[in-house]
Amino acid sequence: MMRVLVFLALSQLRARPWQSLLLVCSVGLGVTILTTALSLTNGFEKDLVSRLLGTSPHISVYEPLTGKLKDYGALASKLAKHPQVQAVTPYIQGQGLLTPDGRQTIGVLVRGIDPEQEKHQSSWRRYLVAGRLDPYAMDEGVVLGIEVARKLAVSLGDSVSLITGTGQRHPVKVTGLFESGLYEFDAHIAFVDLAFAQKAFNLRDAVSGLGVTVKDVFQAQTLAREIGHNHMLGTRSWADQNRSLLQAMFLERLVIFIVVMFIVLVALMGIASTMAMWVIEKNREISLLRALGVSAADTGRIFVLQGSFIALTGVVTGSCGGVLLSTVLALFPIRLAGEVYFLSHLPVDMQARDFLLVAVVTLVLSPVASLLPAWRAMKLDPIAIIRRT
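Trainee: What is the right way to read the overall build of the protein from this model?
Mentor: The helix and strand tally for the protein stands at 18 helices and 12 strands. In the protein, buried positions account for 49% of the 389 residues. Of all intrachain contacts in the protein linking residues separated by at least 6 positions in sequence, the fraction that spans at least 24 positions is 79%. By element, 62% of the accessible surface of the protein is carried by carbon and sulfur atoms, the whole surface being about 19800 Å².

Set out below in structure tokens:
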């Protein structure tokens, strides 16, 4: 019997090719837009998180009371022995002013690093666009973000003055430029040698903290709590430092899915209204089927099958369209204002789970949209209709 119902459902769709094609295209368009939007959101999140992990420690370990971590060598050795830890590097962080001529001045976040240890981090090396990251190049020098250099109108080899909170002025030379793609980072960070930062901020042999690089970034929060409990120190993971941003990205993804899903729902409602009109137009044929022994339930199944066929074809078409459109956007990325969106362009990351989620939700909702015309077909009185005709 099911084969007969499938045959009748497909025959009705073939009898109205243009209407059927329009319904398929409406579902396909909604699926294309939704899958492409999710791919763009994935790319944005993945690229942003990758740059955040490449420009800040996975875990920051610091002294919460004094802000100065003394005798950090022994602590760094203990942390490095943890099976989840990949590297431990000291750092100094403080506010400062940079001026090339005494008139133009901008505020920066000065970070002192050990270039001998940092140069082994692959994330750092790919951000350098000029200069080198080694102790000889950074001695009495500064590595600026590309946006900082643009604001100060300086380039590699130029001299600038660094003014720290102690009021001391330190002449330094621009020995490197980096571009992470994060505007806030490129426009407000200046890196100097660790020993130079200790002298500039009067820290002597102390540092602001230790940066811990872990093997699994998603275990950073758990490991941070473990380190803080075992060593009675303050810890902050990369997720804690960017909590508001990560929550905003999650909310953005959820809102995009819900809003764009309404396009698919509108398409499904179009299927319901069109098929309801088909019931009115074909009430005589439906009555004849009922008179020939087709039950009311089987009559309703015919329309549910029609809606499912339309949705299935639309999902396949829309998924192919989503892959095609996402590929085009990956080859020709959308440029963004870095001051607003952190990134200079919008990357694309297609994930099979998103396509599967959209397909499942659409296919689950399609029979629901077919219930109204199916219910109307089941409620027809075949005897009354045959008598009228």
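Now that the structure has been shown, we can carry on.
Trainee: What should I look at first to understand the pattern of salt bridges in this one?
Mentor: Pairing between side chains of opposite charge can happen when their charged atoms approach one another. If you walk through the whole model with that rule in mind, you get three salt bridges. Measuring nitrogen to oxygen at the nearest pair gives 2.9 Å for the salt bridge that ties E147 to R150. Note that E147 and R150 are positioned in helix α7 (residues 146-152) at a spacing of three residues, about one turn of the helix. Relative accessible area serves as the criterion here: at 53%, R150 is assigned to the exposed category.

Trainee: When you look at a nonpolar patch on the surface in this model, what are you seeing that I'm missing?
Mentor: On the surface, a cluster of nonpolar side chains totalling about 680 Å² of accessible area is made up of F250, L251, L254, V255, I258, V259 and F262. For F262, the location among the structural elements is in helix α12 (residues 243-281). For F262, a relative accessible area of 49% translates into the label partly exposed.

Trainee: Please clarify how the nonpolar core should be interpreted in this entry.
Mentor: Across soluble globular proteins, nonpolar side chains show a tendency to be buried alongside one another. Membership of the largest hydrophobic core comes to 65 residues, with the highest contact counts inside it found for I59, V61, L98 and L144. Here this core gets six residues from one element, more than from any other, and that element is helix α2 (residues 17-55). Beyond its immediate stretch of four places on either side in the chain, I59 contacts L210, G211, V212, V214, A220, L223, A224, I227, R236 and S237. Residues F257, M261, V264 and L268 belong to the second largest nonpolar core, which totals 20 residues.

Trainee: How should helix α10 (residues 220-231) be read in this particular structure?
Mentor: Each α-helix winds once per 3.6 residues, and so residues spaced three or four apart point in a common direction. In this model, α10 (12 residues) spans 16 Å end to end at C-alpha, consistent with the 16 Å of a helix rising 1.5 Å per residue. Residues of α10 that are buried: A220, L223, A224, I227 and G228. End-on, the buried residues of α10 take up no more than an arc of 135°, which puts them together on one face. Along α10, exposed side chains directed more than 90 degrees from the buried face belong to R225, H229 and N230. Residues of α10 that are buried sit in contact with β1 (59-62), α3 (72-80), β2 (85-99), β9 (209-214), β10 (234-237) and α11 (238-241).

Trainee: Explain the environment of L182 here, please?
Mentor: Within the secondary structure layout, L182 lies in the loop between β7 (169-178) and α8 (183-186). Spatially, the C-alpha atom of L182 lies 7.8 Å from that of L48, the residues being 134 residues apart in sequence.

Trainee: Looking at this structure, how should I read the packing of aromatic side chains?
Mentor: Where two aromatic rings form a pair, the distance of their centres and the angle of their planes describe that pair. Summed over the entire model, instances satisfying the criterion amount to three aromatic pairs. Here F178 and F191 contribute two aromatic rings whose centre-to-centre distance is 5.5 Å and whose plane-to-plane angle is 70°, an arrangement assigned as edge-to-face. Here F178 is found in strand β7, whereas its partner F191 is found in strand β8 (residues 189-193), with 13 residues between them in sequence. For the pair F178 and F191, one class covers both residues: buried. Ring centres 6.2 Å apart and planes at 45° place the aromatic pair F185 and F191 in the tilted group. Every member of this aromatic cluster is reached through a ring pair, and the members are F178, F185 and F191. The residue whose ring lies beneath R111 is Y91, and the NZ or CZ to ring-centre distance is 5.8 Å.

Trainee: Would you mind showing me how to read the environment of D349 here?
Mentor: With respect to the element layout, D349 can be found in the loop between β12 (345-346) and α16 (352-369). With relative accessibility at 14%, the residue D349 sits in the buried group. For D349, the residues in contact, after removing those within four places along its chain, are S39, N42, G43 and K46. A polar atom in the side chain of D349 sits 3.0 Å from the side chain of Q351.

Rules behind the numbers
- Residues numbered from 1 in each chain as written.
- Predicted model: local features only at pLDDT ≥ 70, side-chain atom pairs only at ≥ 80, totals over all residues.
- Heavy atoms only, no water.
- Helix = DSSP H or I, 4+ residues; strand = E, 2+ residues; numbered from the N terminus.
- Buried < 20%, exposed > 50% of the residue type's maximum accessible area, 1.4 Å probe, protein only.
- Contact = heavy atoms within 4.5 Å.
- Areas by Shrake-Rupley, 256 points an atom, 1.4 Å probe, with all protein chains shown as cover.
- Salt bridge = Lys/Arg side-chain N within 4 Å of Asp/Glu carboxyl O.
- Patch = residues over 30% accessible without salt bridge, like charges linked within 9 Å, V, L, I, M, F, W, Y side chains within 5 Å.
- Core = buried A, V, L, I, M, F, W, Y, C linked by side-chain atoms within 4.5 Å.
- Expected span 1.5 Å × (residues − 1).
- Arc of directions from axis to C-beta.
- Phe/Tyr/Trp six-rings, centres within 6.5 Å; stacked < 30°, edge-to-face > 60°.
- Lys NZ or Arg CZ within 6 Å of the ring centre and 35° of its normal.
- Polar contact = N/O pair within 3.5 Å; in protein donor to acceptor, adjacent residues only side chain to side chain.

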